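A structural walkthrough
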Amino acid sequence: DMERFSAYGWPGNVRELENVVERALILSPGERLELEEAVGGGARPAIDVGAGGGSERLEDNERSHIRRVLEACDWKVKGAGNAAHRLGLTPPTLRNRMKKLGITRPV
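Focus on a nonpolar patch on the surface
Side chains of Leu-25, Ile-26, Leu-27 and Leu-58 sit close together on the surface and give an oily, nonpolar patch of about 340 Å² of accessible area. Take the nonpolar patch: its biggest share by element is three residues, from helix H2 (residues 13-27). Mapped onto the elements, Leu-58 comes out in helix H3 (residues 58-72). Classification of Leu-58 by relative accessible area gives partly exposed; the value is 48%.

Put into structure tokens, the structure is as follows:
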């Protein structure tokens, strides 16, 4: 799989790679990241994403991803090293998503 990724020209550079991985995160069932034919066709490579929850529901995957980022940022929504920035969101948008998805900081 790494040889295929290295051999692919990535005409969209990092942005294209990010889009391919993000789409695969959303669409992949189970705990393995299944990348689409966007890297040159043929069989889909699979990358283990660890304890991703394995849900096929977008809402569940979004909740799980946001929780992982929040935990990695020590639950900082704004300020230095914040989760909103890592997720590409503004702090108010992240708070709204957290509320919608029922994400609260564990006590």
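So that's the structure; there's more coming.
Thoughts on H3
Taking 1.5 Å per residue, 15 residues should reach 21 Å; H3 reaches 21 Å between its end C-alpha atoms and fits that length. Those residues of H3 lying buried are Asn-61, Ile-66, Val-69 and Leu-70. Along the axis of H3, the buried residues cluster in a sector spanning 165 degrees; they form a single face. Within H3, the exposed residues directed more than 90 degrees away from the buried face are Glu-71 and Ala-72. Check the buried side of H3 and you find it contacts H2, helix H4 (83-87) and helix H5 (91-101). Immediately downstream of H3, the backbone of Asp-74 shows phi near 55 degrees, a positive value.

A closer look at the packing of H3 against H5
In contact at an axis separation of 11 Å, H3 and H5 are set at 125 degrees when each is read in the N-to-C sense. Here H3 lies oblique to H5, going by the angle between them. You can see that H3 and H5 cross each other, and the crossing is left-handed. Touching Glu-59, Glu-62, Arg-63, Ile-66 and Leu-70 of H3 are Leu-94, Arg-97, Met-98 and Leu-101, all from H5. Looking at the contact of H3 with H5 residue by residue, the class counts come to five nonpolar, no polar and four charged.

Here we look at the confidence of the model for the protein
Of all residues in the protein, 70% have pLDDT values of 70 or greater, and the mean over the chain is 75. At the level of individual helices and strands, the protein shows its lowest average pLDDT in strand E2 (residues 46-48), which scores 46, and its highest in H5, which scores 93. Under a pLDDT of 50 for its full length, residues 37-49 has, in the predicted model, 35 contacts with residues more than four places off or in other chains.

Examining the pattern of salt bridges
Under the defined criterion, the tally for this structure stands at four salt bridges. Asp-60 is the salt-bridge partner of Arg-63, the closest N and O atoms lying 3.0 Å from each other. Of this pair, Arg-63 and Asp-60 are both found in helix H3, three residues apart, which corresponds to roughly one turn of the helix. Note that Arg-97 and Glu-62 form a salt bridge whose closest N and O atoms lie 3.5 Å from each other. Of the two residues, Arg-97 sits in helix H5 while Glu-62 sits in helix H3, which places them 35 residues apart along the sequence. Where salt bridges share partners, they join Glu-59, Asp-60 and Arg-63 into one cluster.

Conventions used here
Residues numbered from 1 in each chain as written. Predicted model: local features only at pLDDT ≥ 70, side-chain atom pairs only at ≥ 80, totals over all residues. Heavy atoms only, no water. Patch = residues over 30% accessible without salt bridge, like charges linked within 9 Å, V, L, I, M, F, W, Y side chains within 5 Å. Areas by Shrake-Rupley, 256 points an atom, 1.4 Å probe, with all protein chains shown as cover. Salt bridge = Lys/Arg side-chain N within 4 Å of Asp/Glu carboxyl O. Helix = DSSP H or I, 4+ residues; strand = E, 2+ residues; numbered from the N terminus. Buried < 20%, exposed > 50% of the residue type's maximum accessible area, 1.4 Å probe, protein only. Expected span 1.5 Å × (residues − 1). Arc of directions from axis to C-beta. Contact = heavy atoms within 4.5 Å. Axes fitted to C-alpha atoms, helices over the stretch in contact; angles between N-to-C directions. Parallel < 35°, antiparallel > 145°, perpendicular 65-115°, else oblique. Left-handed = near helix turned anticlockwise from the far one by under 90°. Nonpolar A, V, L, I, M, F, W, Y, C, P; charged D, E, K, R; others polar. pLDDT = per-residue confidence, 0-100.

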